[in-house]
Amino acid sequence: MIDLKSIKDPSFVKGLSKKELHELCDEIRSFLIESISKTGGHLSSNLGVVELTVAMYYVFDLEHDELLFDVGHQAYVHKILSGRADRFDTLRQYNGLSGYINRKESKYDVWESGHSSTSISAATGLMLGGDKRDVIVIGDCSIMNGVAFEGLNFLGQFKKLNPIIILNDNEMGISKSVGALSKTFKILRGSKLKRGTKAFVTKVFPNFVPDMCHSLKNFLKAILKRFNVFESLGFDYYGPYNGNDLNTMIKVLKRIKKNKKPVILHINTIKGKGYLPSEGDKIGNYHGVGPFNVETGKPLKDNKDMLSYSQIVGKYLVEKRKKEEFLVITPAVKVGVKLGEFAEAYPDDFYDVGIAEEHAAVMAAGIALRKKNVILLMYSTFAQRAYDEILNDIVRQDLKVIIGIDRAGIVGEDGVTHQGIYDVSMFMSMPNIVVTMPKDEEEAIGLFNYAFIQDKPIVIRYPRASELKKCDFDYDYVASLDWTTLKEGSSAIVISYGMDVEKISKLCTEKNIDAMVVNARCIKPIDEKTLDKLFKLNKPILVVEQAVASGTLYHKILDFKERNSYTARVYSHGFSCDDLIPHGSLADIYDLVGLSNDKLLKLINEIIEK
């Protein structure tokens, strides 16, 4: 039995026999299942790349070659083999092991990203700026993104660079791959006979035989001018090969390591391999998981009577579609934003465009130009990628697109690259747009109802919270954009939005704090009529928001104050643009950034006493 926690650096793998390498794969897979069942994390993607990662460590020298993992969802095996198995009990916890690549953790973590499709461009820069060879692992969904193709287009012209791009084709992103390129990959995979023949030749014959076959194939393609998309871009294409066959991976990687040209190695893997619940998952439920029962695969926490905002919005859209027509678009987060039921019930009205946030925004603008209602749902952190398209193609033209921003605010365990704290500043800089955030689930539905009867772009932000009550999806409540007072008080005024405002109201009530609490459900435009009344009270004002304090509600209120020459003091409790918020449980991160109950109460009392 191999003790994974005794691994200190990549040299450990080099000294193993082929039998021991197979044992290592088994140990890693068992370790991942057992460990992630306790901490939660990205399960399926890592189970699928065990053999590939072990083979890369065996073939390449990480002191001279660099491994780049696109996104980092599939980097847990790399973390283990580079000496971090002993910290897996801290995975995604505050001050613990990151769920993604983290350059502060290890010198073997080369490219740090929580968003997909950047690894090819990064490798281009690294190789042009240095003297190491880069080996890139990128998924079939990630490589479809425009950024990845921009990298391929540029990199393919450099014959002096010889990166190895490993296309990990498992027909899944978070959920099933979509689009014409997914069909292209299916053609490249070929028949079982073709794959079987290739595997046989690779395994049985010495390397010069498959090399000769590869050269002959390229010669015939050149004569017939029948190149695949990667060869047309200037890459030497190998594959597809079985990425879950360790011996094949070692042999193929040794072959292509000698290649002096840019290489695409196309491999097929099974996402979730080795754990039946995840291996059979074609929806995406095991892509990212919380703690679960290893024997059953079911979550340890039973939330069957509770709903998340994502579920509430998803169910609302199903019920709303029964009454009126509209289209729904999402960029590869159908599972995360809970649109499975809608997609099944109304397949002709639902479009998962893959990892293509920019395309999704422009497509929504085109639909809106035809005077059709369209809903665009995405995570806050991914909306950043579509800034220019939302600005120029939707709001500049003042088009009616309802933009649902999921995972708004602190997200917890996913950490710095996924915190939903930047979109408020982004949207506040745009013309024509309305930006809102509900305090509870009923107000969320009310704001969506409001958006449907308007004729302009409207953003509805909602957090990751998952312990909400079930509510009536048939009621016709339409929320206004006016600010409302949740609690009266005479010593200070707290203005906030989202779940924070209701939490603050309850805290002040329970602790008998003499503060007025105002729900700013509409962040843009601000409710100047209500704000005028508040300033005339001449009490200190505290603005609490889970957003970077740059161009947010706080600054809009300051601007209003200056324009009207009010003298009341205004304080901000947001996040500095210079601070990066790490991963950890919501409770730990709330305490870190001053949003825990105790720290909020302390802050409010300090402002009252000033």
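Just so you know, these numbers come straight off a predicted model, no measurement behind them. (Residues numbered from 1 in each chain as written. Predicted model: local features only at pLDDT ≥ 70, side-chain atom pairs only at ≥ 80, totals over all residues. Heavy atoms only, no water.)

Caption draft 1: Examining the sheet that holds strand β12 (residues 434-436) more closely. With mixed pairing, the 7 strands of this open sheet are ordered in space as β9-β8-β10-β11-β13-β12-β17. Only two strands of the sheet have a single neighbouring strand rather than two, namely β9 (350-352) and β17 (522-524). Across the sheet, the axes of successive neighbouring strands diverge by a mean angle of 20°, strand direction being ignored. (Pairing = 2+ DSSP bridges. Helix = DSSP H or I, 4+ residues; strand = E, 2+ residues; numbered from the N terminus. Axes fitted to C-alpha atoms, helices over the stretch in contact; angles between N-to-C directions.)

Caption draft 2: Local environment of the nonpolar core. Core analysis: the largest hydrophobic core is formed by 95 residues, its most contacted members being Leu317, Trp483, Ile495 and Leu553. The element best represented in this core is helix α20 (residues 441-452), accounting for 7 residues. When neighbours within four sequence positions are excluded, tryptophan 483 is seen to be in contact with Ile495, Val518, Asn519, Ala520, Arg521, Cys522, Ile526, Asp527, Thr530, Leu531, Leu553 and Ile557. Counting 58 residues, the second-largest nonpolar core is a separate cluster that includes Ile36, Tyr76, Leu91 and Val263. (Core = buried A, V, L, I, M, F, W, Y, C linked by side-chain atoms within 4.5 Å. Buried < 20%, exposed > 50% of the residue type's maximum accessible area, 1.4 Å probe, protein only. Contact = heavy atoms within 4.5 Å.)

Caption draft 3: Up close: the pattern of salt bridges. Applying the stated rule across the entire model yields 24 salt bridges. Linking aspartate 440 and lysine 439 is a salt bridge whose minimum nitrogen-to-oxygen distance equals 2.7 Å. Aspartate 591 is the salt-bridge partner of lysine 599, the closest N and O atoms lying 3.7 Å from each other. Classification of lysine 599 as partly exposed rests on a relative accessible area of 37%. Members of the salt-bridge network, linked through shared partners, are Lys79, Arg84, Glu105 and Asp109. (Salt bridge = Lys/Arg side-chain N within 4 Å of Asp/Glu carboxyl O.)

Caption draft 4: Quick peek at helix α21 (residues 499-510). Across its 12 residues, α21 extends 17 Å between first and last C-alpha, which sits within 8% of the 16 Å expected from 1.5 Å per residue. Where α21 is concerned, the buried positions are Asp500, Val501, Ile504, Ser505, Leu507 and Cys508. Down the axis of α21, the sector holding all buried residues measures 165°, keeping them to one side. Seen from the buried face of α21, the exposed residues on the opposite side, beyond 90 degrees, are Lys506 and Glu510. In the core, the buried residues of α21 are packed alongside β14 (484-487), β15 (492-496), β16 (515-519), β18 (541-548) and α25 (597-609). (Expected span 1.5 Å × (residues − 1). Arc of directions from axis to C-beta.)

Caption draft 5: Local environment of the packing of helix α6 (residues 119-129) against helix α7 (residues 146-155). One way to put it is that α6 packs onto α7 with a least axis distance of 7 Å and a crossing angle of 35°. Listed contacts from α7 to Ile120, Ser121, Thr124 and Leu128 of α6 are Val147, Ala148, Gly151, Leu152, Phe154 and Leu155. Grouping the constituent residues of the contact of α6 with α7 by class yields 7 nonpolar, 3 polar and no charged. (Nonpolar A, V, L, I, M, F, W, Y, C, P; charged D, E, K, R; others polar.)

Caption draft 6: Seen up close, the sheet that holds strand β2 (residues 65-69). Spatially, 5 strands are ordered β2-β3-β4-β6-β5 in an open sheet, and the strand pairing comes out parallel. Of all strands in the sheet, those bounded by a partner on one side alone are β2 and β5 (236-242). Strand after strand, the sheet turns through a mean of 20° between neighbouring axes, direction not considered. Relative to strand β6 (residues 263-268), strand β4 (residues 164-169) runs parallel, the two being bridged by 6 bridges.

Caption draft 7: Structural detail: the pairing of strand β10 (residues 374-379). Counting buried positions along β10 gives 6 out of 6 residues, so the element sits mostly inside the fold. Neither face of β10 is open: one carries Val374, Leu376 and Met378, the other Ile375, Leu377 and Tyr379, and all of them are buried. In the sheet, strand β8 (residues 327-330) pairs with β10 via 3 bridges, with the strands oriented parallel. If you follow leucine 327 over to β10, its bridge partner there is valine 374. Two strands pair when backbone bridges link them, and β10 and strand β11 (residues 402-406) are joined in this way by 5 bridges, in the parallel orientation. Bridge pairing in β11 places methionine 378 opposite isoleucine 405.

Caption draft 8: Region of the structure containing the packing of α21 against α25. Between α21 and α25, the shortest axis-to-axis distance is 11 Å and the interhelical angle comes to 70°. Between α21 and α25, the interaxial angle falls into the category roughly perpendicular. From α21, Lys503, Ile504, Leu507 and Cys508 reach across to α25, where they touch Asn597, Leu600, Leu601 and Ile604. For the contact of α21 with α25, the residue count by class is 6 nonpolar, 1 polar and 1 charged. (Parallel < 35°, antiparallel > 145°, perpendicular 65-115°, else oblique.)

Caption draft 9: Looking closely at unusual backbone geometry. Look at the link from glycine 239 to proline 240: it is a cis peptide, with omega at 0°. With respect to the helices, strands and loops of the structure, proline 240 is situated in strand β5. Across the junction of lysine 524 and proline 525, the peptide omega takes the value 0°, indicating a cis bond. Its location among the elements puts proline 525 in the loop between β17 and α22 (528-536). A positive phi angle, close to 70°, is found at alanine 332, a residue other than glycine. Relative to the assigned elements, alanine 332 resides in the loop between β8 and α15 (340-345). The backbone phi angle of asparagine 512 is positive, close to 55°, even though this residue is not glycine. Within the secondary structure, asparagine 512 sits in the loop between α21 and β16.

Treat this as a map of the structure, not an account of what it does.
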